[in-house]
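Structural description and commentary
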Amino acid sequence: MFWNIFINGLEALYMLIIVLMTIQAIFNIRLRLFIWEEPEQALLNSAPTIYREPSLSFTIMLPARHEEEVYRDTIQKVYDLNYPRKLVQIMAICREDDTGTIAEARAKINELRDPNVQLVIFNDKPINKPHGLNLALRVATGDIVTIFDAEDEPHPDILQIINTTYLNEKVDVVQSGVQLMNHNTKWFCFLNVLEYFFWFKSSLHFFANVGMTPLGGNTVFVRRDLMQRLGGWDETCLTEDADLGIRLCLSGARVRIIYDDEFVTKEETPHTIEQFIKQRTRWNQGFIQILFRGRWLKLDTFQRRMLALYVLILPEVQAFFTLMIPVSIVMFFFVKLPVWMAMLTFMPFYCFILAMFIDLAGLHEFVKVHHRKWSWKEALILLLAFMPYQILLGIGALRATYRFLKGTSNWEKTAHIGQHRGNAPAHS
């Protein structure tokens, strides 16, 4: 009798997990397709087609660490933006011990000979991106502050777009699109590129519509006086961008999302599996930090708090579902379930298949809008990579959870080699 009760309890627990997995999968699909639910919603992504006279000034922060291969080109690309140079302050931010990147920055700044292009060097701790940003914020002069990462390739008209948006609309924050571009350099790059594609093009609009927006780490534009009132970025958080998004929502800031395929900031995927897992570990661990600090509990509506909770617990959910894979295999082969239960256990699998075809459609859209050639071979690689990619995400989540419990919180930097610039190499 005791054994029967134990087995029934396990079956009930297993079915509850299956239901939760199904709900999570359906909600994730809804996020990815939100912008296409109604035709008029697609207009939310549109950038202005007629630019207003440049009047707002910008401070562009370029934090970098060990970015010798890409930094000089990035400074040049930012300097060449189509906007009056007298209205643009560019701040290259490096730590004193990073002599290679500093040398690249100095060489480019000496070449440009423009007093508005400056080098900020710091020698104190913590050694991380938000600390450098806060130091630069103290001497920023622009009406609007923004960040581009060391490998970024912003569109030449991005400041025109942001200036026009601020002048036309009553907004405090504008998050413009960021897009990984090297979709076919490694097998996992296909899914990584599409994550960004759906996140910036669709999911962020859902978050902004609810009023709880986890911002990206760059190409986000904020009024300088608002940033200073908030005290800048949290230097103890591994995902200072998501933390900033929650604090901006708490402050009542008006957030605008723009993702226009033509005007995205181009980036590259991590170039190795190890780099990819470390990047995801840092992001996931940062979400765990924000979760336990509890600022999100101060959001003013239940819907916003629940959405914040969903975003922040996603690392633990991914880690748990990864651990469930071997359990599901054992249950499938060794546990006899009633027919209705057995049918219900297939629901996550159906969502899994649907998500694969949504990614396939996303790949078709991505290559179309970026004027690349469609390849059925690449489509096949995407489908074959789908499950291994979920395992990589799970490993990153498990590693983040382990590091958090262990108390390890050092900044694991993602290396950049400029794969998104020029002709991307073939997949491997």
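Refer to the structure printed above.
For the structure given in this document, a descriptive report is provided here. (Residues numbered from 1 in each chain as written. Predicted model: local features only at pLDDT ≥ 70, side-chain atom pairs only at ≥ 80, totals over all residues. Heavy atoms only, no water.)

1. Some remarks on the overall build of the chain
Note the threshold: Put simply, DSSP marks the helices as runs of H or I at least four residues long and the strands as runs of E at least two long, and each gets a number from the N terminus on. Here the globule rule reads 2.2 Å times residues to the power 0.38, and the radius of gyration is calculated from C-alpha atoms. Exposure is judged per residue with a 1.4 Å probe applied to protein chains only, and the accessible area is read against the type maximum: over 50% gives exposed, under 20% gives buried, and values in between give partly exposed. Asp and Glu count as negative and Lys and Arg as positive, but His and the ends of the chain are not part of the count. Charged side chains are reduced to one point each, which is NZ for Lys, CZ for Arg, CG for Asp and CD for Glu.
Helix and strand counts for the chain come out as 13 helices and nine strands. The C-alpha radius of gyration computed for the chain amounts to 23 Å, which stays within 12% of the reference 22 Å derived for 428 residues, consistent with globular compactness. In terms of principal-axis extent, the alpha carbons of the chain reach across some 80 × 45 × 40 Å. By residue count, 54% of the 428 residues in the chain fall in the buried class. The average position of the 43 basic charges and that of the 44 acidic charges among the side chains of the chain differ by 2 Å.

2. Looking at the sheet that holds strand S3 (residues 117-122)
The test is simple: What makes two strands pair is DSSP finding at least two bridges between them. Note on method: axes are straight lines fitted to C-alpha atoms, helices fitted across the in-contact stretch only, with angles between N-to-C directions ranging 0 to 180 degrees. Contacts between residues were defined by any pair of non-hydrogen atoms, one from each residue, lying within 4.5 Å.
As summarised here, the arrangement of the seven strands in space is S3-S2-S1-S4-S7-S5-S8, forming an open sheet in which the pairing is mixed. The sheet is open, and its two edges are formed by S3 and strand S8 (255-258), each paired on a single side. When the angles between neighbouring strand axes are averaged without regard to direction, this sheet yields 20°. In terms of strand pairing, strand S1 (residues 58-63) meets strand S2 (residues 88-95) through six bridges, oriented parallel. By the bridge assignment, Thr-59 is partnered in S2 with Gln-89. The sheet strands contacting helix H3 (residues 99-112) are S2 and S3, and the helix crosses S3 at an angle near 155°.

3. Section: the pairing of S3
Every other side chain in a regular strand lies on the same face of the sheet, so the side chains alternate between the two faces. Put simply, the rule reads: If the strands point away from the viewer and the path from the first strand over the helix to the second runs clockwise, then the crossover is right-handed.
The sheet contact formed by S2 and S3 spans six bridges and is parallel. Within S3, the residue paired with Ala-92 across the bridge is Leu-119. For the segment spanning S2, H3 and S3, crossover handedness is right-handed.

4. Brief notes about the pattern of salt bridges
As a reminder of what qualifies: Only one rule defines a salt bridge in this text: a Lys or Arg side-chain nitrogen within 4 Å of an Asp or Glu carboxyl oxygen.
Within this structure, the stated rule accounts for 22 salt bridges. With a shortest N-O distance of 3.8 Å, Glu-365 and Lys-201 are connected by a salt bridge. Taken together, the residues span a long stretch of sequence, with Glu-365 in helix H12 (residues 347-369) and Lys-201 in helix H6 (residues 189-210) at a distance of 164 residues. Given a relative accessible area of 26%, Glu-365 falls into the partly exposed group. Accessibility expressed as a relative area gives 8% for Lys-201, which makes it buried. Here Lys-278 makes a salt bridge to Glu-274, at a shortest N to O gap of 3.4 Å. Within this pair, Lys-278 and its partner Glu-274 are both found in helix H9 (residues 273-293), separated by four residues, close to a single helical turn. Residues joined by salt bridges that share partners form a network here, namely Asp-234, Asp-243, Arg-247, Arg-293 and Arg-295.

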